[in-house]
Amino acid sequence: QVQLVESGGSLVQPGGSLRLSCAASGSFFSINTMAWYRQAPGKQRELVASITSGSSTNYADSVKGRFTISRDNAKNSVYLQMNSLKPEDTAVYYCNVEWRRGLAFNYFHTWGQGTQVTVSP
């Protein structure tokens, strides 16, 4: 099993920056794609950014040029640097990790508990 611990959410003014962190722990063979999603009130959860084990990245159009996803494989961690934050970035941000127990096993996905990001004057 994999457990995820997220941190870094906060209240920030428009134009400000935040860095979210997500650390994976537990018993697993490998981690493949790590990603950040967000869910605003009354809206569906959406992909913000993802990064593969080979460090290929993918971003939602709404955050391109403002957010940067990175990972530290030695720490089994993924980060989301958010700059030039806007009120529409307000949401609960969730970490998602794709992992498996061994080469012969399928991949599983685990979600973090979520961290609140509020962008407001």
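Provided above is the structure to which this section pertains.
In this text the structure is predicted, and so the values were computed from the model without any measurement.

What counts and what doesn't
Residues numbered from 1 in each chain as written. Predicted model: local features only at pLDDT ≥ 70, side-chain atom pairs only at ≥ 80, totals over all residues. Heavy atoms only, no water. Disulfide = S-S within 2.5 Å. Helix = DSSP H or I, 4+ residues; strand = E, 2+ residues; numbered from the N terminus. Buried < 20%, exposed > 50% of the residue type's maximum accessible area, 1.4 Å probe, protein only.

Enumeration according to the criterion identifies one disulfide in this entry. In this model Cys 22 forms its disulfide with Cys 95; the gap between the sulfur atoms is 2.2 Å. Because the torsion about its S-S bond is -80°, the bridge between Cys 22 and Cys 95 counts as left-handed. Of this pair, Cys 22 sits in strand S3 (residues 18-26) while Cys 95 sits in strand S9 (residues 91-100), and the two are 73 residues apart along the sequence. In this structure Cys 22 comes out as buried when scored by relative accessible area, which is 1%. On the accessibility criterion, Cys 95 (0% relative accessible area) is buried.

Nothing here speaks to function; it is geometry throughout.
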